[in-house]
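Chain by chain, the residues run as shown.
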Amino acid sequence: MTLPPVPRLAVIVVAAGSGTRLRGGAPKAFVGLDGRTILHHALRGVFAGPAAQVVVVVPEGFQGEALTDARDAAGDRADLVTVVTGGATRQTSVAAGLAALWADVETVLVHDAARALTPPAVFERVAAALEAGADAVIPAVPVVDTIKRVDDTGRVVAAVDRSELAAAQTPQGFRRSVLLEALRRADADHTDDAALVAAAGHPVITVEGDASAFKITTGPDLDRARALLTDDAPTRAPRRPEHAGPRVGIGTDVHGFGGDGTLWLAGLEWPGEPALSGHSDGDAVAHAIVDALLAAAGLGDIGTHFGTDRPEFAGAHAAAFLSHTVGLLSAAGWRVGNVSVQVQANRPRFAARRLEAERVLSAALDGAPVSVSATTTDGLGFTGRTEGVAAFATALVLPV
Ligand code: CTP
Ligand code: MG
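Residues numbered from 1 in each chain as written. Chains lettered and ligands numbered in written order. Predicted model: local features only at pLDDT ≥ 70, side-chain atom pairs only at ≥ 80, totals over all residues. Heavy atoms only, no water.

Novice: I'd like a description of the overall build of the protein chain, backed by residues and values.
Specialist: The secondary structure content of the protein chain amounts to twelve helices and 15 strands. For 400 residues, the compact-globule estimate of 2.2 N^0.38 gives 21 Å, and the protein chain sits close to it at 23 Å. In terms of its C-alpha atoms, the protein chain occupies a principal-axis envelope of roughly 85 × 45 × 45 Å. Within the protein chain, the fraction of its 400 residues that count as buried is 52%. Put simply, 73% of the contacts in the protein chain that link residues at least 6 apart link residues at least 24 apart. With 34 positive and 45 negative side-chain charges, the protein chain shows a separation of 4 Å between the mean positions of the two kinds. (Helix = DSSP H or I, 4+ residues; strand = E, 2+ residues; numbered from the N terminus. Rg over C-alpha atoms; globule rule 2.2 N^0.38 Å. Buried < 20%, exposed > 50% of the residue type's maximum accessible area, 1.4 Å probe, protein only. Contact = heavy atoms within 4.5 Å. Lys, Arg positive; Asp, Glu negative; His and termini not counted. Charge placed at Lys NZ, Arg CZ, Asp CG, Glu CD.)

Take a look at the structure:
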């Protein structure tokens with residue numbers, strides 16, 4: 001199916017560490033959280049975002065397992081996945097990931113698999129800062145503990161002003177050329193990529209991180225992640241009682257005729273029909289479905305996720321919107337049950353292409369059934385005057 005028109009952004013997920021401090025019986029990324037591995041959870045967050053390529057860096061011998069996890073987390077975006085073998089240090093693992101980037105990738109996010117519960121919003125903030133022109137961006141959270149400098153006998157030497165400190169998280173974002181050059185010039189091993197890039201003389205800016213993006217390092221961190229997944233995790237999927245059952249949602253959308261080019265409606269191009277206007281292609285059917293799905297999953301509405309501040313969705317067609325929505329749902333623990341959508345319009349005439357529209361929309365929703373119906377309004381209202389198109393959708397979502 002058509003991929004979303006995303007910017008040339010790749011995410012390198014470093015998962016090649018051994019997890020010596022965790023002692024989980026397997027390399028850390030392959031330790032289970034809730035029946036799914038740390039890596040699987042990390043990748044779900046990645047695939048909810050705008051990546052055009054996802055490189056997973058794993059220990060020798062774990063390529064097959066990583067590919068299975070990645071394909072499962074990717075849904076219909078599995079062809080974005082590249083799995084490579086990492087090195088002895090995090091920095092060499094990052095270098096291995098960089099070497100596997102496709103030629104057209106311009107910006108890179110490097111993400112620790114160990115930060116398995118990082119919310120998609122953090123990826124989006126870092127990507128947005130890169131798009132705004134930054135060379136290097138890290139998510140950071142304020143330090144809450146009072147910090148002391150301590151000598152090797154354990155004696156406090158000095159207090160450190162907490163207001164000047166921030167804890168760095170991942171994904172850390174870079175212009176590809178900047179990270180590549182910093183790695184080439186590296187004469188020391190750095191614990192994160194921002195330190196490497198800063199050592200090469202580049203300014204690094206921060207965006208807001210998130211408490212859920214903590215790194216699973218020790219046993220208690222693993223317990224915390226597991227508890228967040230079973231309990232009510234405020235920044236992630238609402239795993240509340242109602243999550244156990246199906247939920248329905250409703251969405252409507254209206255677009256007026258008067259756009260440029262040809263008409264796109266219900267995921268189909270309609271040569272010879274007047275185009276609808278809108279930030280994207282004006283496909284009211286697709287937008288109503290997105291709203292219905294987001295509403296059913298309790299994830300806000302189309303403006304929350306596809307606002308005009310997301311240039312990659314300008315001019316995008318239904319498949320881009322719908323597959324991104326499936327990713328958002330899946331990161332929150334939902335899959336699509338079915339969708340029913342009704343179009344109110346004098347034109348185009350749907351009868352001849354109804355099944356085709358259903359097939360295209362269903363393919364963009366991971367194969368979930370979509371029913372399309374169409375009606376006119378007896379000459380009444382704006383649809384009756386052929387000024388525009390209205391669409392009404394209901395959706396059913398089910399827990400994954
Ligand atoms: N990492 C990597 N290659 C390495 C070392 C680390 O890809 N040679 C990755 C880890 O898989 C992890 C991230 O870098 O996702 C952060 O590293 P860390 O939390 O230190 O993980 P480990 O090195 O696996 O853990 P430990 O230091 O306890 O052995
Ligand atoms: Mg380590």
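So much for the structure itself; the text now carries on.
Novice: Lay out unusual backbone geometry with the relevant residues and their values.
Specialist: Backbone torsion omega between Thr 170 and Pro 171 reads 10°, so that peptide bond is classified as cis. In this fold, Pro 171 is placed in the loop between strand E8 (166-168) and strand E9 (172-175). Phi is positive for Asp 366, close to 60°, though the residue is something other than glycine. Checked against the element boundaries, Asp 366 lands in the loop between helix H11 (354-364) and strand E14 (370-375). If you check the backbone angles, Thr 386 has positive phi at about 55° while not being a glycine. Relative to the assigned elements, Thr 386 resides in the loop between helix H12 (381-384) and strand E15 (388-399).

Novice: Account for the pattern of salt bridges, naming residues and giving values.
Specialist: The tally for this structure, following the rule as stated, stands at eleven salt bridges. A salt bridge links Glu 358 to Arg 354, with the nearest nitrogen and oxygen atoms 3.2 Å apart. Of the two residues, Glu 358 and Arg 354 both sit in helix H11, four residues apart, roughly one turn of that helix. Given the relative accessible area of 34%, Arg 354 is considered partly exposed. (Salt bridge = Lys/Arg side-chain N within 4 Å of Asp/Glu carboxyl O.)

Novice: Please give an account of the site of ligand 1 that cites residues and values.
Specialist: Near ligand 1 you find 18 residues, and of these Val 14, Thr 20, Lys 28, Ser 93 and Lys 215 are the closest. Note that an oxygen atom of ligand 1 is positioned 2.8 Å from one of the side-chain N or O atoms of Arg 21. Summarising the interface, the protein chains cover 88% of the accessible area of ligand 1, which totals 560 Å² for the free molecule. Judged by the proximity of its atoms to the pocket grid, ligand 1 belongs to the largest pocket. Its residues assigned to classes, the shell around ligand 1 comprises six nonpolar, seven polar and five charged. (Near = heavy atom within 4 Å. Polar contact = N/O pair within 3.5 Å; in protein donor to acceptor, adjacent residues only side chain to side chain. Areas by Shrake-Rupley, 256 points an atom, 1.4 Å probe, with all protein chains shown as cover. 1 Å grid on protein atoms, 1.4 Å probe; cavity = no way out; pocket = protein on both sides within 12 Å on 5 of 7 lines; lining within 4 Å. Sits in = over half its atoms within 2 Å of the grid points. Nonpolar A, V, L, I, M, F, W, Y, C, P; charged D, E, K, R; others polar.)

Novice: Tell me about the domain arrangement of the protein chain, and name the residues and values.
Specialist: Interface extent is often summarised as the accessible area lost during association of the parts. Taken domain by domain, the protein chain holds domain 1 (9-232) and domain 2 (247-399). Measuring from the centre of the C-alpha atoms in domain 1 to the corresponding centre in domain 2 gives 35 Å. Carbon and sulfur atoms supply 44% of the area that domain 1 and domain 2 bury against each other, a total of about 790 Å² over both sides. For domain 1, the biggest contributors to the area lost against domain 2 are Arg 44, Ala 48 and Asp 76; these three give 50% of the whole. The interface formed by domain 1 and domain 2 includes zero salt bridges. Here domain 1 and domain 2 share one residue pair in polar contact (both at pLDDT 80 or more) between them. When contributions to the side of domain 1 that touches domain 2 are tallied by element, the ones reaching two or more residues are helix H1 (38-47) and helix H4 (120-131). (Domains from an automatic or database assignment. Buried area = accessible area lost by both parts, 1.4 Å probe.)

Novice: How would you explain H1 if you had to name every residue and give the values?
Specialist: Burial runs high along H1: ten of the ten residues are buried. Among the residues of H1, Ile 38, Leu 39, His 40, His 41, Ala 42, Leu 43, Arg 44, Gly 45, Val 46 and Phe 47 are the ones counted as buried.

Novice: Requested: an account of the nonpolar core, with residues and values cited.
Specialist: Core analysis: the largest hydrophobic core is formed by 51 residues, its most contacted members being Leu 265, Val 285, Ile 289, Leu 293, Leu 329, Leu 361 and Leu 365. Ile 289 has contacts with Leu 322, Val 339, Val 341, Leu 361, Leu 365 and Ala 393, leaving out every residue within four places of it along the chain. With 31 residues, the next largest nonpolar core counts Ala 51, Val 54, Leu 80 and Phe 123 among its residues. (Core = buried A, V, L, I, M, F, W, Y, C linked by side-chain atoms within 4.5 Å.)

Novice: Break down the sheet that holds strand E13 (residues 334-344) for me, with residues and values.
Specialist: The strand order E12-E11-E15-E13-E14 describes an open sheet built from five strands, whose pairing is mixed. This sheet does not close on itself; its edge strands, each paired only once, are strand E12 (268-276) and E14. Within this sheet the neighbouring strands show an average axis-to-axis angle of 35°, counted without direction. Note that E13 and E14 share six bridges and pair parallel. Residue Gln 344 lies in a different strand from E14, and its bridge partner there is Thr 375. Lying on the sheet, helix H8 (residues 284-297) is in contact with strand E11 (247-265), E13 and E15; it crosses E11 at an angle near 160°. Contacting E12 and E14, H11 crosses the sheet at an angle of about 140° to E14. (Pairing = 2+ DSSP bridges. Axes fitted to C-alpha atoms, helices over the stretch in contact; angles between N-to-C directions.)

Novice: Describe the layout of surface pockets, listing the residues and the values that go with them.
Specialist: The computed volume of the largest pocket comes to approximately 660 Å³. In terms of lining residues, the largest pocket is bounded by 30 residues, among which Gly 17, Arg 21, Lys 28, Arg 90 and Lys 215 are the most central. Here the lining of the largest pocket is built from residues that sort into nine nonpolar, 13 polar and eight charged. (Points joined across faces, edges and corners; volume = space filled by probe spheres on them.)

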